[in-house]
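# A structural walkthrough
Here is how the chains run, residue by residue.
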Amino acid sequence: MENVKDATYRFFELAAEEKVKYSKENSATKHVRYGSSFSLDAEKASEWKDYLSLFYVSEDEALATWPHACRDEAFEYMKKTKALAKQVLNVLTKKLNVNEIDKTKETLLMGSIKMNFNYYPICPSPDLTVGVGRHSDFSTLTILLQDKTGGLYIRPDNRHGWIHVSPIHGALMINIGDALQIMSNGRYKSIEHRVTAHGSKNRISVPVFVNPRLSDVIGPLPQILASGEKAKYKNVLYSDYVKHFYWKPHDGKLTLQYAKITPN
Ligand SMILES: O=C(O)CCC(=O)C(=O)O
Ligand SMILES: [Fe+2]
């Protein structure tokens, strides 16, 4: 964990000309992307964040295209996190009557992995913006490593309001994402979260998003509906779901409405 945090700093401390080689305009592959904020086209106000996004396709591609400043650490960390995600998903899906995660299930639950290095620079007017606006992730699971700065909040439900996730040294935070909410027919709920901007400290975080593949169709698992339970979500093409997420600024859990079956 310390190695990947050091690697994150190493990347963001590179000269601007080095980092910009990985921007949307310049990157040699669409699987490696350096940028700012969330969706600059859709937002009224930008979020106070830079990121490096690494979409894992294969070991060869990763070694050939990920930035040298962080490549080896990112790859090692991604592999370990993936193994952890599988263990967690095994436990979670047992409760959904899925006895074993076979190859097909594994692909559906965790067929694609994206890792972000997030860097939130010191913000001169933290009250005027945010680090990341409130949202839930579109992943199956997100495994999040944060440094000791703080500023991440979650909102489990309306009653409790926003709760600060105090950083714990050596701990990872595991969040349920929208894809698992849909596949579990709402038994597992994705968690709404946001990050505030900080007036005197830089912050880094490293989320690993464990996702279905863009070409997968996701919907409530047959094992759940077998008992006659009514489907609360439609089958949706995952790439359509993701597109829907990026269309608009961060807006809580609104994207889920897209997959919801609305009673008429
Ligand atoms: O920086 C964090 O702690 C969370 C980042 C986040 O929510 C995201 O990248 O989806
Ligand atoms: Fe998130």
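In the nomenclature of an unreviewed UniProt entry, the protein chain corresponds to Fe2OG dioxygenase domain-containing protein from the organism Stylosanthes scabra. Taken verbatim from the UniProt record of the protein chain, the Sequence similarities (unreviewed entry) comment is "Belongs to the iron/ascorbate-dependent oxidoreductase family."

This paragraph deals with the coordination of the iron ion (ligand 2). Bound to the iron ion (ligand 2) on the protein side are His135 (NE2), Asp137 (OD) and His193 (NE2), at distances that span 2.1 to 2.2 Å. For the iron ion (ligand 2), all donor residues lie on one chain, and their spacing in sequence is H-x1-D-x55-H. The buried category is assigned to His135, whose relative accessible area is 8%.

To continue, consider the side chain of Thr81. In this structure, Thr81 sits in helix 4 (residues 71–94). For Thr81, a relative accessible area of 3% puts it in the buried group. When sequence neighbours within four positions are dropped, the list of residues in contact with Thr81 reads Ile143 and Val208.

Scanning all chains against the criterion turns up 15 salt bridges. Linking Glu76 and Lys79 is a salt bridge whose minimum nitrogen-to-oxygen distance equals 3.6 Å. Separated by 3 residues within a single helix, Glu76 and Lys79 lie in helix 4, roughly one turn from each other. Accessibility expressed as a relative area gives 37% for Glu76, which makes it partly exposed. Through salt bridges with shared partners, a single ionic network connects Arg134, Arg155, Glu192 and Asp251.

Running from N to C, helix 4 and helix 5 (residues 103–110) point in directions that differ by 110°, and their axes come no closer than 11 Å. Here helix 4 lies roughly perpendicular to helix 5, going by the angle between them. Contacts from Lys82, Ala85, Lys86, Leu89 and Thr93 of helix 4 reach helix 5 at Glu106, Leu109 and Met110.

Turning to unusual backbone geometry, a few remarks are in order. The backbone of Asn97 sits at a positive phi, close to 70°, despite the residue not being glycine. Mapped onto the secondary structure, Asn97 falls in the loop between helix 4 and helix 5. Positive phi, normally seen in glycine, also occurs at Asn185, with a value near 55°. Mapped onto the fold, Asn185 is located in the loop between helix 6 (178–183) and strand 9 (192–196).

On to helix 8 (residues 238–246), then. Taken as a whole, helix 8 has its buried residues at Tyr238, Tyr241, Val242 and Phe245. All buried residues of helix 8 fall inside an arc of 95° around its axis, so they share one side. For helix 8, the secondary structure elements touched by its buried residues are strand 4 (130–135), helix 6, strand 10 (203–211), strand 11 (217–218) and strand 12 (236–237).

On to the UniProt feature "domain: Fe2OG dioxygenase" (unreviewed entry) in the protein chain, then. The UniProt record annotates "domain: Fe2OG dioxygenase" (unreviewed entry) at residues 104–212. Structurally, residues 104–212 is divided into 12% helix and 41% strand, and its ends, taken at the C-alpha atoms, are 11 Å apart.

We now examine the sheet that holds strand 6 (residues 152–155). The sheet built from 4 strands is open, its strands ordered 4-9-6-7 with antiparallel pairing. At either end of the open sheet lies a strand with only one pairing partner, and these are strand 4 and strand 7 (163–164). Where strand 4 meets strand 9, 3 bridges bridge the pair, whose relative direction is antiparallel. Bridged to His135 within strand 9 is His193.

A separate point is the packing of aromatic side chains. In this description, an aromatic ring pair is defined by two values, namely the gap between the centres and the angle between the planes. All chains considered together, the criterion is met by 12 aromatic pairs. Residues Phe11 and Phe12 carry aromatic rings whose centres are separated by 5.2 Å and whose planes lie at 85° to one another, so their mutual orientation is edge-to-face. Of the two residues, Phe11 and Phe12, both sit in the buried class. Look at Trp66 and Phe75: their rings are 6.3 Å apart centre to centre, the planes differ by 65°, and that puts the pair in the edge-to-face class. This pair shows no difference in class: Trp66 is buried, exactly as Phe75 is. Feature note: the residues Phe11, Phe12, Tyr22, Tyr34 and Tyr119 constitute an aromatic cluster, connected by ring pairs. The ring centre of Tyr153 lies 4.8 Å from the NZ or CZ of Arg194, which sits over that ring. In this structure, Arg194 packs its charged tip against the face of Trp162, placed 4.5 Å from the ring centre.

What counts as what
Residues numbered from 1 in each chain as written. Chains lettered and ligands numbered in written order. Predicted model: local features only at pLDDT ≥ 70, side-chain atom pairs only at ≥ 80, totals over all residues. Heavy atoms only, no water. UniProt positions renumbered as here; feature names shortened; annotations may be inferred. Donors = N, O, S within 2.8 Å, 3.2 Å for Na, K, Ca; no water. Buried < 20%, exposed > 50% of the residue type's maximum accessible area, 1.4 Å probe, protein only. Helix = DSSP H or I, 4+ residues; strand = E, 2+ residues; numbered from the N terminus. Contact = heavy atoms within 4.5 Å. Salt bridge = Lys/Arg side-chain N within 4 Å of Asp/Glu carboxyl O. Axes fitted to C-alpha atoms, helices over the stretch in contact; angles between N-to-C directions. Parallel < 35°, antiparallel > 145°, perpendicular 65-115°, else oblique. Arc of directions from axis to C-beta. Pairing = 2+ DSSP bridges. Phe/Tyr/Trp six-rings, centres within 6.5 Å; stacked < 30°, edge-to-face > 60°. Lys NZ or Arg CZ within 6 Å of the ring centre and 35° of its normal.

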